[in-house]
Amino acid sequence: LVGSEMCIRDRYYDQKGRLVQHHSSNVRGGYDKEYYAYSFTGKPLRHHYYHYGGNGGSTSDREYVYSYDDAERLTEVRYSLNGSTQSVLYSNSYDGYGRLQKRSYNANVYSASYAYNIRNWLTGISGSKFTQNLYYHTGNGTPRYDGNVSSLTWKSGNESTLRGCLLYTSDAAD
């Protein structure tokens, strides 16, 4: 119950157990409907969300479209509101090893680059709004050679110095 209103939800699944429809009432006396479409291999292709506010509330119709490359890696997510022209929410590019190399948001308004070491462990994320470095056997923490992070540093926006350093420790069982 939400206040004096009862919240009703219905979910519909396909033969493979994937959610294909979701209907629910909302707190304004309206309803929400969601529809999903999948590829042959089970990747989401479309997500359509319809919101009716009820009692004078707003109504919106949102659609998300997902694109993949030949290796079924997510390359682009597009979004449209109330039937408007689709815009790119974000796009991904990958290196020759299949690792995420760059993610661009809102048609390159913001982008983040990803760096890896020889073992394919993520060592850094850098962009104009945020930078983070992960350390495994270097840095200020106890050296780790098992893939666990020993320390990390980050900075935000246009800061010239690192904002913080987190050191990780583990128990004797590790």
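Scroll up to find the structure this text is about.
Cut-off values and rules
- Residues numbered from 1 in each chain as written.
- Predicted model: local features only at pLDDT ≥ 70, side-chain atom pairs only at ≥ 80, totals over all residues.
- Heavy atoms only, no water.
- Helix = DSSP H or I, 4+ residues; strand = E, 2+ residues; numbered from the N terminus.
- Rg over C-alpha atoms; globule rule 2.2 N^0.38 Å.
- Buried < 20%, exposed > 50% of the residue type's maximum accessible area, 1.4 Å probe, protein only.
- Contact = heavy atoms within 4.5 Å.
- Areas by Shrake-Rupley, 256 points an atom, 1.4 Å probe, with all protein chains shown as cover.
- Lys, Arg positive; Asp, Glu negative; His and termini not counted.
- Charge placed at Lys NZ, Arg CZ, Asp CG, Glu CD.
- Phe/Tyr/Trp six-rings, centres within 6.5 Å; stacked < 30°, edge-to-face > 60°.
- Pairing = 2+ DSSP bridges.
- Core = buried A, V, L, I, M, F, W, Y, C linked by side-chain atoms within 4.5 Å.
- Salt bridge = Lys/Arg side-chain N within 4 Å of Asp/Glu carboxyl O.

Draft legend 1. View of the overall build of the protein. Counting its regular elements, the protein contains zero helices and 13 strands. Starting at the N terminus, the α and β elements of the protein follow one another as β-β-β-β-β-β-β-β-β-β-β-β-β. Computed over its C-alpha atoms, the radius of gyration of the protein comes to 22 Å, more than 25% above the 16 Å expected for a compact globule of 174 residues. Overall, the protein is about 60 × 40 × 40 Å in size when its C-alpha atoms are taken along their principal axes. When each of the 174 residues of the protein is scored for burial, the buried share is 27%. Intrachain contacts of the protein at a sequence separation of at least 6 include 12% that bridge at least 24 residues. Summed over all atoms, the accessible surface of the protein reaches about 11,300 Å², with 49% contributed by carbon and sulfur. Within the protein, the 16 negative side-chain charges are centred at a point lying 4 Å from the centre of the 19 positive side-chain charges.

Draft legend 2. Geometry of the environment of Leu 134. Structurally, the position occupied by Leu 134 is in strand E11 (residues 130-135). Residues Leu 134 and Leu 122, twelve residues apart in the sequence, show an inter-C-alpha distance of 7.1 Å. Sequence-distant contacts of Leu 134, defined by excluding residues within four places in its chain, comprise Leu 122, Thr 123, Gly 124, Val 149, Ser 151 and Leu 152.

Draft legend 3. Here's a closer look at the packing of aromatic side chains. Tallied over the entire structure, the rule returns six aromatic pairs. Between the aromatic rings of Tyr 31 and Tyr 52, the centroid separation amounts to 5.3 Å while the plane-to-plane angle is 35 degrees, which identifies the pairing as tilted. In this pair, Tyr 31 sits in strand E3 (residues 31-38) while Tyr 52 sits in strand E4 (residues 44-52), placing the two residues 21 residues apart along the sequence. Taking 5.6 Å as the distance between ring centres and 25 degrees as the angle between the ring planes, the aromatic pair formed by Tyr 105 and Tyr 110 counts as stacked. A residue is classified by how much of its surface remains accessible, and Tyr 105, at 27% relative accessible area, is partly exposed.

Draft legend 4. Region of the structure containing the pairing of E3. Alignment of strand E2 (residues 19-25) against E3, held across five bridges, turns out to be antiparallel. Each bridged residue has a counterpart across the sheet, and for Gln 21 the counterpart in E3 is Tyr 35. Here E2 hands over to E3 after five residues, with Gly 29 in that stretch at a positive phi of 85 degrees. Direction of pairing for E3 relative to E4: antiparallel, over a ladder of eight bridges. In the sheet register, Lys 33 faces E4, and the bridge partner there is Tyr 50. What sits between E3 and E4 in their antiparallel hairpin is a turn of five residues, with Gly 42 showing a positive phi close to 95 degrees.

Draft legend 5. Representation of the pairing of E4. Both E4 and strand E5 (residues 59-68) contribute to a ladder of seven bridges, which runs antiparallel. Of the residues in E5, the one forming a bridge with Tyr 50 is Asp 61.

Draft legend 6. Region of interest: the nonpolar core. Core analysis: the biggest nonpolar cluster contains five residues, these being Leu 100, Tyr 110, Ala 112, Tyr 114 and Ile 125. Tallying contributions element by element places strand E9 (residues 110-116) first for this core, with three residues. In this view, Tyr 110 contacts Arg 103, Ser 104, Tyr 105, Gly 127, Ser 128, Lys 129 and Phe 130; residues no more than four positions away in its chain are not counted.

Draft legend 7. Representation of the pattern of salt bridges within the structure. Following the criterion strictly, the structure yields six salt bridges and no others. With a shortest N-O distance of 2.8 Å, Arg 18 and Asp 14 are connected by a salt bridge. Glu 63 serves as the salt-bridge partner of Arg 46, at 2.7 Å between the closest nitrogen and oxygen. Of this pair, Arg 46 sits in strand E4 while Glu 63 sits in strand E5, placing them 17 residues apart in sequence. By relative accessible area, Glu 63 is classed as buried at 19%.

Draft legend 8. Structural context of the environment of Thr 59. Along the polypeptide, Thr 59 turns up in strand E5. Spatially, the C-alpha atoms of Thr 59 and Ser 24 are 15 Å apart, while their sequence positions differ by 35 residues. Apart from residues no more than four positions distant in its own chain, Thr 59 is found in contact with Tyr 50, His 51, Tyr 52, Gly 53 and Asn 82.

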